[in-house]
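For reference, the chains in residue letters:
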Amino acid sequence: MSLPIISADQRLAEPRGIKGCIFGKSGIGKTSLLWTLNASTTLFMDLEAGDLAIEGWAGDSIRPRTWTECRDFAVFIGGPNPALRDEQPYSPAHYKAVSDRFGDPAALDRYDTIFVDSITVAGRLCFGWCKGQPEALSEKTGKPDVRGAYGLHGREMIGWLTHLQHTRAKNVWFVGILDEKLDDFNRKVFQPQIDGSKTGLELPGIVDEVITMAELKAGGGDPYRAFVCQTINPWGFPAKDRSGRLDQVEEPHLGRLMTKIRAPVAPAPKRLTYTPPPADPAADAQSQPQS
């Protein structure tokens, strides 16, 4: 048996979906992004029951109502993880049980994009499930242990997101609510609205793209909606572009955004070259040693 090396040509030929999350305040139009996707190849995971914004949209949907159903759909979409034991979620045994109930997984082949609305509600379903588990009860008193519940919640959410992230051939987009808060120094900060802190902290490292759908204003003109896509931005919005193809601000059209992400990328030396900030004569003068 030879060493299973994957060559560059093989890696580049593999189908790879885009994994991303889109955050924004309530009412900004996150669910309406479904209108910018191909309805015949998009599966809508409707957790919010907020489909009034897409009334008339011709795509298919699933409606999990419990955390157990969320896990079942994740393993059905992403397939089994062979590294897990039979009693663990997302294991081959879990996948077989779900396939026996839902039917042939080939039924999902027609979809190339999974749109999850929203990760905020998924987090609530997960936390409600966690509070009823033995780990969320104190061993000494038998009373609820909030720390235990939050610890389990973090592991469950990361496991769910990671499993969907490993669905190589499909695009998976999560949307969620973005909260605006003030920190201890009265500075404005933005945080994803997800129960617990672990998921919000680790999510940017799991997905390829983190995008804020925001209301911007240029030059005193009328406000407009836009995608903020780069980590360094003047508004402090959470954002990340692993593809290196997106501008700081893009139009709020998810279909065209994915087309741009798949476009030919600029050579690495051009993308990764560090550009120093412009010189500041006043600062340079202050830094000179005094005679």
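Quick notes on the rules
- Each chain has its residues counted from 1, running along the sequence as written.
- Local features in this predicted model are restricted to residues of pLDDT 70 or higher, and side-chain atom pairs are both shown and tallied only at a pLDDT of 80 or more, whereas totals for entire chains, interfaces and linings draw on every residue.
- The basis for the side-chain values is all heavy atoms of the structure; hydrogens and waters are excluded.
- Per the convention used, a helix needs a DSSP run of H or I reaching at least four residues, while a strand needs a run of E reaching at least two, with both numbered from the N terminus.
- Buried, partly exposed and exposed residues are distinguished by accessible area as a fraction of the type maximum, computed with a 1.4 Å probe on protein chains only: under 20%, between the cut-offs, and over 50%, respectively.
- Contacts were defined at the residue level, with two residues in contact if any of their heavy atoms lie within 4.5 Å.
- What counts as an axis is a line fitted to C-alpha atoms, over the stretch in contact for a helix, and the angles between N-to-C directions run from 0 to 180 degrees.
- Angular relationships are summarised with four words: roughly parallel below 35 degrees, roughly antiparallel beyond 145, roughly perpendicular across 65 to 115, and oblique for the angles in between.
- Any Lys or Arg side-chain nitrogen located within 4 Å of an Asp or Glu carboxyl oxygen qualifies as a salt bridge.

**What about the side chain of Ser-99?**
Argument step 1. In this fold, Ser-99 is placed in helix H3 (residues 92-102).
Argument step 2. Using a relative accessible area of 13% as the deciding quantity, one classes Ser-99 as buried.
Argument step 3. Ignoring sequence-local partners within four residues, the contact set of Ser-99 consists of Phe-76 and Pro-105.

**A closer look at the packing of helix H2 (residues 67-78) against helix H4 (residues 119-130)**
Argument step 1. Two numbers describe how H2 lies on H4: the axes approach to 8 Å, and their chain directions differ by 120 degrees. Relative to H4, the element H2 is oriented oblique. Residues Trp-67, Thr-68, Cys-70 and Arg-71 of H2 lie in contact with H4, whose contacting residues are Ala-122, Leu-125, Cys-126 and Trp-129.

**So, the pattern of salt bridges**
Argument step 1. By the definition in use, this model includes 16 salt bridges.
Argument step 2. Between Arg-16 and Asp-208 there is a salt bridge, and its shortest N-O distance comes to 3.4 Å. Of this pair, Arg-16 sits in the loop between helix H1 (8-13) and strand E1 (19-24) while Asp-208 is found in the loop between helix H6 (198-206) and strand E7 (209-216), placing the two residues 192 residues apart along the sequence.
Argument step 3. Owing to a relative accessible area of 41%, Arg-16 belongs among the partly exposed residues under this scheme.
Argument step 4. As a salt-bridge pair, Glu-202 and Lys-198 come within 2.6 Å of each other at their nearest N and O atoms. Taken together, the residues Glu-202 and Lys-198, both in helix H6 and four residues apart, mark about one turn of the helix.
Argument step 5. Taking the relative accessible area as the measure of exposure, Glu-202 reaches 32% and is therefore partly exposed.
Argument step 6. When salt bridges with common partners are traced through the structure, they connect Arg-16, Asp-208 and Arg-242 into a single cluster.

**Comments concerning unusual backbone geometry**
Argument step 1. Put simply, Asp-117 and Ser-118 share a cis peptide bond, and its omega is 10 degrees.
Argument step 2. On the secondary structure map, Ser-118 appears in the loop between strand E4 (113-117) and H4.
Argument step 3. One non-glycine residue, Tyr-90, lies in positive phi territory at about 75 degrees.
Argument step 4. Positionally, Tyr-90 belongs in the loop between H2 and H3.

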